[in-house]
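These are the residues of each chain, in order.
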Amino acid sequence: MKILYISKYDPTPWQRKIEKILPEADFLLWPDEAPDNLGEIDYVLTWKPEPGVLALFPNLKAIFNMGAGVDALLQDKSLPQNVPIVRLVDPLLTSGMVEYVVHWVLHFHRQFHIYGAMQKKREWKEFPPPFTAKRAIGFLGIGELGYASAQALQNLGFKNIAGWSRNKKQLPGIESFSGLGELETFLNRTEILITLLPLTNETEKIINAKTISLLPTGACIINPGRGGLVNDDDLIAALKGGKIASAALDVFSPEPLDEQSPYWEMENVFVTPHIASLTVAGSAASVTAEMIKKIEAGGEPENTVDLSSGY
Ligand code: GLV
């Protein structure tokens, strides 16, 4: 079996883990170690490949995306339509996201953004303590990463959590909203909004002047999803005008964030360089190798992408 690695990231930890779990596999690096006959390649592991590359392998059994989001991959117009594409669902990727989300929810819930601004003005004043069980948390996108984060918040005593997604979901203790028809009600009730939707034609710039106006004044936004979900001019205006009290932004369009972007200097914005949850190679490689083992044994790949919905 031949596995081809197409990524600019260091292949060493991937190779080590995959050769351990699949000793019979040839782990090859693109382009230097590719065989003359590209039809011999069974699996590709990739992150942001050059458009057109994935069409070169006629006999693929699956393509493994080395991250959770497949938006970059799906932009490739020549992507094979009949090869399963597997998204990375990995316990360490999930726990990284849970930490990021819990950190910022607690930050905004406990009003540290307000106390932080007060410190700069040497202001000493207390506000009534917020009521954890009532704080309205809303996940715009509640898949693998959103739901794990919501569960961690439930364990901390948050009881007023909602999720919005394309289709209704049954998740214990979480109020489910779905479709554009229920977006307004979802936003109206959300004080701390976490955007974890996949980036598709439908979700592009879903955070804009209109949707922001539907949030309560003083709401906070946490975006560890994709920069393209946000209309930046609209969010910047809302942050300046006070409609949105504060935002924690990890992702931008384009990345790296432009040096001229106002976000860098805004006192109520927290910028991080797309680190909310980084793929941990060893762990991700184990998950991938186990999935290959399952497919080789005749099983179906899991966490596959639906090309028609774009995630
Ligand atoms: C990172 O952004 C990922 O999609 O895993």
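Treat the numbers as computed from the prediction; the structure is a model and nothing was measured. (Residues numbered from 1 in each chain as written. Predicted model: local features only at pLDDT ≥ 70, side-chain atom pairs only at ≥ 80, totals over all residues. Heavy atoms only, no water.)

Caption draft 1: View of the sheet that holds strand 1 (residues 2-6). Spatially, the 5 strands line up as an open sheet ordered 2-1-3-4-5, and their pairing is parallel. Of all the strands in the sheet, the pair left with one neighbour each is strand 2 (26-29) and strand 5 (85-86). (Pairing = 2+ DSSP bridges. Helix = DSSP H or I, 4+ residues; strand = E, 2+ residues; numbered from the N terminus.)

Caption draft 2: Quick peek at the packing of helix 1 (residues 12-21) against helix 9 (residues 281-296). At a minimum axis separation of 8 Å, helix 1 and helix 9 run at an interaxial angle of 35°. Crossing of helix 1 over helix 9 shows right-handed handedness. Along its contact with helix 1, which presents Pro13, Trp14, Lys17, Ile18 and Ile21, the element helix 9 presents Ala281, Gly282, Ala284, Ala285, Ser286, Thr288, Ala289, Glu290 and Lys293. In the contact of helix 1 with helix 9, the residues fall into 8 nonpolar, 3 polar and 3 charged. (Axes fitted to C-alpha atoms, helices over the stretch in contact; angles between N-to-C directions. Left-handed = near helix turned anticlockwise from the far one by under 90°. Contact = heavy atoms within 4.5 Å. Nonpolar A, V, L, I, M, F, W, Y, C, P; charged D, E, K, R; others polar.)

Caption draft 3: Up close: the pattern of salt bridges. All told, the structure shown has 9 salt bridges when counted by the stated rule. Salt-bridge contacts for Glu191 lead to Arg135; the nearest nitrogen and oxygen are separated by 3.5 Å. Residue Glu191 is found in the loop between helix 6 (183-188) and strand 9 (192-195), and its partner Arg135 is found in the loop between helix 4 (112-120) and strand 6 (137-140); the two are separated by 56 residues along the sequence. Taking relative accessible area as the criterion, Arg135 reaches 15% and is therefore assigned buried. (Salt bridge = Lys/Arg side-chain N within 4 Å of Asp/Glu carboxyl O. Buried < 20%, exposed > 50% of the residue type's maximum accessible area, 1.4 Å probe, protein only.)

Caption draft 4: Examining the site of the ligand more closely. Looking at the ligand, the residues that line it are Trp47, Gly67, Ala68, Gly69, Arg226 and His274. Contact distances for the ligand include 2.6 Å between an oxygen atom and a backbone N or O atom of Ala68. A distance of 2.6 Å separates an oxygen atom of the ligand from a polar atom in the backbone of Gly69. For the ligand, the accessible surface in isolation is 200 Å², of which the surrounding protein chains cover 87%. A breakdown of the residues in the shell around the ligand according to their chemical character gives 2 nonpolar, 3 polar and 1 charged. (Near = heavy atom within 4 Å. Polar contact = N/O pair within 3.5 Å; in protein donor to acceptor, adjacent residues only side chain to side chain. Areas by Shrake-Rupley, 256 points an atom, 1.4 Å probe, with all protein chains shown as cover.)

Caption draft 5: Focus on the domain arrangement of the protein. You can read the domains of the protein as domain 1 (2-90 + 279-296) and domain 2 (91-271). Look at where the C-alpha atoms of domain 1 and domain 2 centre, and you get two points 33 Å apart. Facing the 11 residues of domain 1 at the interface are 8 residues of domain 2. Across the domain 1 to domain 2 interface the summed buried area is about 780 Å²; carbon plus sulfur atoms make up 61%. When the buried area of domain 1 at its contact with domain 2 is split by residue, Asp71, Val89 and Asp90 rank highest and sum to 56% of it. Scanning the region where domain 1 abuts domain 2 turns up 1 salt bridge. One salt bridge connects Arg226 with Asp71, and the closest N-O pair in it is separated by 2.9 Å. (Domains from an automatic or database assignment. Buried area = accessible area lost by both parts, 1.4 Å probe.)

Caption draft 6: Local environment of unusual backbone geometry. At the junction of Trp30 and Pro31, the peptide bond is cis and its omega measures out at 0° in the coordinates. Among the structural elements, Pro31 can be located in the loop between strand 2 and strand 3 (43-46). Here the residue pair Ser253 and Pro254 is connected by a cis peptide bond, since its omega of 0° sits within 30 degrees of zero. Inspection of the secondary structure assignment puts Pro254 in the loop between strand 11 (244-249) and strand 12 (269-271). One non-glycine residue with positive phi stands out, namely Lys205, at about 55°. One can find Lys205 in the loop between strand 9 and helix 7 (209-213). The phi dihedral of Asn303 is positive, around 55°, even though this residue is not glycine. One can find Asn303 in the segment after helix 9.

Caption draft 7: Representation of the nonpolar core. Ranked by size, the top nonpolar core spans 30 residues in total, and within it Leu140, Phe186, Leu235, Ile244 and Tyr263 carry the most contacts. In terms of residues, this core owes the most to one element, helix 8 (residues 232-241), which gives 4 residues. Those residues within four positions of Ile244 in sequence are excluded, and the remaining contacts are Ile212, Leu215, Ala219, Cys220, Ile221, Leu235, Ala238, Leu239 and Asn268. Core analysis: the next-biggest nonpolar cluster, separate from the first, contains 28 residues, Met97, Trp104, Ile137 and Cys220 among them. (Core = buried A, V, L, I, M, F, W, Y, C linked by side-chain atoms within 4.5 Å.)

Caption draft 8: Expanded view of the packing of aromatic side chains. In total, this model carries 10 aromatic pairs according to the counting rule given. A ring pair is formed by Phe108 and Phe270, whose centres lie 6.5 Å apart and whose planes are at 55°; its orientation type is tilted. Separated by 162 residues along the polypeptide, Phe108 in helix 3 (residues 91-109) and Phe270 in strand 12 bring together distant segments of the chain. A connected cluster of aromatic rings, assembled from ring pairs, spans Tyr5, Trp14 and Phe27. Against the face of Tyr9 rests Lys8, its NZ or CZ located 4.5 Å from the ring centre. (Phe/Tyr/Trp six-rings, centres within 6.5 Å; stacked < 30°, edge-to-face > 60°. Lys NZ or Arg CZ within 6 Å of the ring centre and 35° of its normal.)

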